[in-house]
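Coordinates in review
Here are the chains, one letter per residue:
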Amino acid sequence: MIMSTADIVEYRRGDSYVYRLTVGEHLLVALHARGDEPLYALTPTGALLWERLADWSTPEQLADALSSEYEVGREDAVQDARDFLEQLVMLQAVQTRRIPT
Amino acid sequence: MTILPRGVGFPTEKVTYDDQLSLGFGRLIVRFHGAEQGVRFSIEETHVPFVVSSDCPAHLELACRVGPIETPTSPPVFTAGESWSLHRDADGGEDIVFRGGLNFGTEVWHLRLDRSFRRGWLVEAPVMPEQVVRADGYPLLEYIVARMLGRHDGLLIHASTAILDGFAYVFVGHSGAGKSTIASIAEAAGARIPTDDRTIITVTDGEVMAWGTPWHGSLVRKSPEGAPVRGIFLLQQAAFDRIEPLSPARAAKELFVRLIQPRLEAGEVRETLRILEQIVERTPVGLLKFRPTRAAFDLATGAG
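Residues numbered from 1 in each chain as written. Chains lettered and ligands numbered in written order. Predicted model: local features only at pLDDT ≥ 70, side-chain atom pairs only at ≥ 80, totals over all residues.

**Examining the overall build of chain B**
- Along its length, chain B carries 5 helices and 20 strands.
- Its C-alpha radius of gyration of 20 Å places chain B within 12% of the 19 Å reference for a compact globule of 304 residues.
- For chain B, the C-alpha atoms occupy an extent of roughly 55 × 40 × 40 Å along the three principal directions.
- Expressed as a percentage of its 304 residues, the buried residues of chain B come to 47%. (Helix = DSSP H or I, 4+ residues; strand = E, 2+ residues; numbered from the N terminus. Rg over C-alpha atoms; globule rule 2.2 N^0.38 Å. Buried ≥ 20, exposed ≤ 12 C-beta atoms within 10 Å, placed from the backbone.)

Listed below in structure tokens is the structure:
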């Protein structure tokens with residue numbers, strides 16, 4: 001199938017990382033000894049987005065989640081969501097799919 | 001039996017057992033028994049103190065034999081270099097094949113654990129002339145215990161432990177941090193050293209305990225002894241002696257990256273984090289900057 005550049009990209013967290021709130025820290029642990037670092041600490045906003053990524057989500061939907069919890073402008077929220085997703089993609093912590101428009 | 005103080009690289013005697021053998025690590029018991037008549041087991045003499053009565057109920061029962069290994073047909077879900085590979089069964093069980101020999105070219109053990117991790121099967125290839133199951137084989141036994149602890153309120157960490165006046169002081173660090181050095185100092189100060197390289201920590205009914213293990217280290221000071229933990233110290237060699245308390249949040253992260261855990265199953269990792277949380281909330285954890293002298297150990301125990 002040929003994808004248009006206008007396709008909607010959705011993201012969902014994969015099963016190769018484990019999240020747990022531990023002594024107040026939002027810890028993300030890499031399973032299967034993935035990568036060099038076994039442990040990452042998320043910010044509270046990162047943890048919010050990680051929870052939201054249990055379901056397929058677009059950056060815009062994630063931005064909505066941020067806006068509903070925090071006083072942040074729409075543009076900043078979308079950018080924050082995109083930046084976070086970019087890091088998760090680098091860690092291979094999320095799956096992606098394209099929805100043709 | 002007296003365990004001779006032999007160092008790394010010196011041969012140790014093997015001890016053999018007929019039909020069955022139970023080994024205890026912390027509060028965890030693994031029982032090896034013959035899957036058929038006439039199966040014999042061997043362990044190095046350093047593991048003999050970890051033998052427990054076969055009357056003790058085991059957390060894991062392994063039916064064992066010597067024979068050819070049937071390599072799992074499913075593709076591995078994880079490989080640890082060339083040394084072992086993990087395959088998952090359709091029923092949720094696990095198959096692990098451990099390799100040894102030149103370039104890890106020989107399949108040595110095939111361990112199969114059922115979904116509950118309460119029962120398993122172990123086959124050792126007939127690679128040794130004795131035709132026995134080496135219950136303490138490396139990395140087989142340490143792998144089993146590390147996985148089981150993740151399901152039984154415990155964890156395994158790079159640490160030496162000193163027991164003094166009924167309390168355990170745990171010294172954590174990667175290779176070269178000074179675990180054996182501080183253990184030697186502690187021993188000279190009258191402490192007992194159940195391990196100078198790998199410590200089991202358990203939390204039962206809120207009590208944090210540290211236990212010895214038979215694994216690694218530069219000296220053969222190994223016993224299964226455990227004691228309530230009075231302090232956990234991350235080691236950092238320095239030109240002075242000082243303890244810098246760590247917040248529970250930082251302590252949890254610092255300890256986590258020093259665990260020996262394959263991180264293969266999400267439930268085990270969550271459970272480990274839960275145990276770690278209980279440990280750092282109940283036990284003082286500090287960064288011990290130290291010189292290799294008695295004063296550092298006294299500082300840790302509060303005697304300095």
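**What about the overall build of chain A?**
- A tally of helices and strands in chain A yields 3 helices and 5 strands.
- Along its sequence from the N terminus, chain A presents helices and strands in the succession β-β-β-β-α-α-α-β.
- In terms of C-alpha radius of gyration, chain A reaches 14 Å, essentially the compact-globule figure of 13 Å for 101 residues.
- Considering only C-alpha atoms, chain A reaches an extent of 40 × 35 × 20 Å along its principal axes.

**Section: the sheet that holds strand 2 (residues 20–25) of chain B**
All names here are of chain B.
- Strand order in the open sheet formed by 9 strands is 5-2-3-6-11-10-9-8-7, and the pairing between neighbours is mixed. Pairing within the sheet leaves two strands with one partner each, and these edge strands are strand 5 (51–52) and strand 7 (78–80).
- Across 5 bridges, strand 10 (residues 106–113) lies against strand 11 (residues 119–124) in antiparallel orientation. Looking across to strand 11, one finds that leucine 111 is bridged to leucine 122.
- With respect to the sheet, helix 1 (residues 140–149) is in contact with strand 2, strand 3 (28–34), strand 6 (60–66), strand 9 (94–100) and strand 10, its orientation differing from that of strand 3 by roughly 130°. (Pairing = 2+ DSSP bridges. Contact = placed C-beta atoms within 7 Å. Axes fitted to C-alpha atoms, helices over the stretch in contact; angles between N-to-C directions.)

**Quick look at the pairing of strand 2 of chain B**
Residue and element names in this part refer to chain B.
- The pairing of strand 2 with strand 3 spans 6 bridges and is antiparallel. Looking at strand 3, one finds that leucine 23 is bridged to valine 30.
- Hairpin remark: strand 2 followed by strand 3, antiparallel, with 2 residues in the connecting loop; positive phi at glycine 26, about 60°.
- Note that strand 2 and strand 5 share 2 bridges and pair antiparallel. Bridge pairing links leucine 23 to valine 51 in strand 5.

**Observations concerning the interface of chain A and chain B**
- Each partner contributes to the interface: chain A provides 15 residues, whereas chain B provides 17 residues.
- When residues of the side of chain A that touches chain B are traced back to their parent elements, those giving at least two are strand 2 (17–22), strand 3 (25–30) and strand 4 (39–42) of chain A.
- Residue contributions to the side of chain A that touches chain B peak at 4 residues, all from strand 3 of chain A.
- When the residues that make up the side of chain A that touches chain B are grouped by side-chain class, the tally is 10 nonpolar, 3 polar and 2 charged. (Nonpolar A, V, L, I, M, F, W, Y, C, P; charged D, E, K, R; others polar.)

**Describing the sheet that holds strand 4 (residues 40–44) of chain B**
All names here are of chain B.
- In spatial order, the strands read 1-4-12; together these 3 strands make up an open sheet with mixed pairing. What marks the edges here is a single partner per strand, and that holds for strand 1 (14–18) and strand 12 (133–134).
- In terms of strand pairing, strand 4 meets strand 12 through 2 bridges, oriented parallel. Across the sheet, phenylalanine 41 pairs through a bridge with valine 133, a residue of strand 12.

**Here we look at helix 5 (residues 294–301) of chain B**
Residues and elements named next belong to chain B.
- For helix 5, the complete set of buried residues consists of Ala296, Phe297 and Ala300. Around the axis of helix 5, the buried residues are gathered within 95° of arc, so they sit on the same side.
- Buried positions along helix 5 lie against strand 14 (167–172), helix 2 (179–188), strand 18 (226–237) and strand 20 (285–290).
- Positive phi appears at glycine 302, one or two residues downstream of helix 5, with a value of about 85°. (Arc of directions from axis to C-beta.)

**Observations concerning the confidence of the model for chain B**
Residues and elements named next belong to chain B.
- Per-residue confidence for chain B gives a mean pLDDT of 92; residues scoring 70 or more make up 94%.
- Taken as a whole, residues 1–8 scores under 50 in pLDDT and shows 13 contacts with residues more than four places along the chain or in a different chain.
- Model confidence for the complex: the whole-complex pTM is 0.92, and ipTM, which rates the interface, is 0.87. (pLDDT = per-residue confidence, 0-100.)

**Remarks on the domain arrangement of chain B**
Residues and elements named next belong to chain B.
- Domain annotation for chain B reports domain 1 (14–149) and domain 2 (154–301).
- On a C-alpha basis, the centroid separation for the pair domain 1 and domain 2 is 27 Å.
- With 17 residues of domain 1 at the contact, the number on the domain 2 side is 20 residues.
- The element best represented in the side of domain 1 that touches domain 2 is helix 1, accounting for 6 residues.
- In terms of residue class, the side of domain 1 that touches domain 2 is built from 10 nonpolar, 4 polar and 3 charged. (Domains from an automatic or database assignment.)

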